[in-house]
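Residue strings, one per chain:
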Amino acid sequence: MVEYESEALDRTFGALADPTRRRILAQLANGEECVTELARPYAISLAAVSKHLIVLEKAGLVRRRRDGRVHSLKLETKPMQDAQAWIDRYRKFWDANLDQFEKYLDQLNTKENTQDDHQ
Amino acid sequence: MTINSEVRKPDDATLVLTRMLNAPQERAFKAWTSPEHIKHWMQPEPGMVVPFAVMDLRVGGKFRIQMQKPDGEFFTAVGEFREVTIPERLVYTWDWEKDGSGTEFGEVEGKPTLITVEFLKRGERTEFVLTHTRFAKPESRDSHIVGWSRIAENLATFVEHA
């Protein structure tokens, strides 16, 4: 399983700290889009949008696909899925252990009570 | 599998399980921390056994719990105690050995996670809280907690309103 080191996390959080970049991610939540389409809603230059996209790319939140001169971008959900998978795996692990732990405590209780009766 | 614990997920990197144990605090704590007890209950999957367990229950002390599947495969957890407050609270790292088949401490995966367990006295019963966090290093853990919950929240809002 992929782990995220603090350097990568810093990039991710840095990427999300900007409102334009958050809006870009929102657009991409609907599916893949090309750079010119992404730039359309903003009163900023294509170059400025490109800078934001590079930040998002470096943070691993979007992925770029090149088709000739057209660059399309797609939301990358893997970091979130990895986090969810980690949680699910340990939830199963601890739940099973805790079931057994409870059963074992019941056995101990019975043993202790039996010993008490004999004292 | 039925999920019997109450589960909270404060962020995408932390799991919190809470249970009410039908045993007094000291007994529950001892059963959790003594190797001879652990061998009886540590069973993440049916049929698994614990051939080997050691616990050096003090700050800086290490533990090793070797679990084995019926087909012979080993899963060996190792870690170090960061906080030891008998009989109510433990903080320890949790990592897996790469191989895990030996009887001595072996090479670890090197991605420690962090576990906090609390045994809270509730009369003759004990409230048990296990918190398992994905990052053992405090600095990465803190940035992670703020970060992931914010990302999750943001993305959820985006998808709703986009």
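Residues numbered from 1 in each chain as written. Chains lettered and ligands numbered in written order. Predicted model: local features only at pLDDT ≥ 70, side-chain atom pairs only at ≥ 80, totals over all residues.

Participant: Where do I start with the overall build of chain B in this structure?
Facilitator: A count of helices and strands for chain B gives three helices and eight strands. Taken from the N to the C terminus, the helices and strands of chain B come in the order β-β-α-α-β-β-β-β-β-β-α. Taken across its 162 residues, chain B has 28% of its residues classed as buried. The contacts of chain B with a sequence gap of at least 6 include a subset with a gap of at least 24, amounting to 37%. (Helix = DSSP H or I, 4+ residues; strand = E, 2+ residues; numbered from the N terminus. Buried ≥ 20, exposed ≤ 12 C-beta atoms within 10 Å, placed from the backbone. Contact = placed C-beta atoms within 7 Å.)

Participant: Quick question: what am I supposed to make of the environment of Gly72 of chain B here?
Facilitator: All names here are of chain B. For Gly72, the location among the structural elements is in the loop between strand 4 (62-68) and strand 5 (74-85). The class of Gly72 is exposed, set by 7 C-beta atoms lying within 10 Å. Remark: the alpha-carbon pair of Gly72 and Val49, spanning 23 residues in sequence, is separated by 9.8 Å.

Participant: How should I be thinking about the sheet that holds strand 2 (residues 62-67) of chain A in this particular structure?
Facilitator: The strands that make up a sheet are held in pairs by hydrogen bonds between backbone atoms, and each pair lies either parallel or antiparallel. Residues and elements named next belong to chain A. Across the sheet, three strands lie side by side as 1-3-2; this open sheet has antiparallel pairing. Each edge of the open sheet carries a strand with a single partner, namely strand 1 (33-34) and strand 2. Here strand 1 pairs with strand 3 (residues 70-75) via two bridges, running antiparallel. The partner of Glu33 across the bridge, within strand 3, is Leu73. On the sheet, helix 2 (residues 19-28) packs against strand 1, strand 2 and strand 3 and is oriented at approximately 90° with respect to strand 3. (Pairing = 2+ DSSP bridges. Axes fitted to C-alpha atoms, helices over the stretch in contact; angles between N-to-C directions.)

Participant: Whenever I open this one, the confidence of the model for chain B confuses me. Can you help?
Facilitator: Reading predicted coordinates in detail is not appropriate for stretches of low pLDDT. Residue and element names in this part refer to chain B. In the predicted model, chain B carries a mean pLDDT of 84, and the fraction of residues at 70 or more is 76%. A low-confidence stretch, residues 139-148 (pLDDT under 50), is modelled with 25 contacts involving residues beyond four sequence positions or located in other chains. Low pLDDT, under 50, characterises residues 158-162; the stretch is placed with eight contacts to residues that sit more than four places away or in other chains. In the predicted complex, the global pTM is 0.69; the interface-specific ipTM is 0.81. (pLDDT = per-residue confidence, 0-100.)

Participant: Looking at this structure, I do not really get the packing of helix 2 of chain A against helix 4 (residues 46-58) of chain A. What am I missing?
Facilitator: If you want to describe how two helices pack, look at the angle between their axes and the distance between the axes. All names here are of chain A. Closest axis-to-axis distance for the helix 2/helix 4 pair is 10 Å, and the angle between their directions is 75°. With respect to their mutual orientation, helix 2 and helix 4 come out roughly perpendicular. Only His52, Val55 and Leu56 of helix 4 make contact with helix 2, whose side of the interface consists of Thr20, Arg21 and Ile24. (Parallel < 35°, antiparallel > 145°, perpendicular 65-115°, else oblique.)

Participant: Would you take a moment to explain unusual backbone geometry for this structure?
Facilitator: Excluding glycine, residues mostly have negative phi values, and the peptide bonds linking residues are mostly trans. Here the residue pair Ile86 of chain B and Pro87 of chain B is connected by a cis peptide bond, since its omega of 0° sits within 30 degrees of zero. Take Pro87 of chain B: it is sitting in the loop between strand 5 and strand 6 (89-96).

Participant: So what exactly am I meant to see when it comes to the confidence of the model for chain A here?
Facilitator: Taken as a whole, chain A shows an average pLDDT of 82; of its residues, 83% reach a score of 70 or greater. Looking at the elements of chain A, mean pLDDT is at its lowest for helix 1 (residues 6-16) of chain A, recorded as 66, and at its highest for strand 2 of chain A, recorded as 92.

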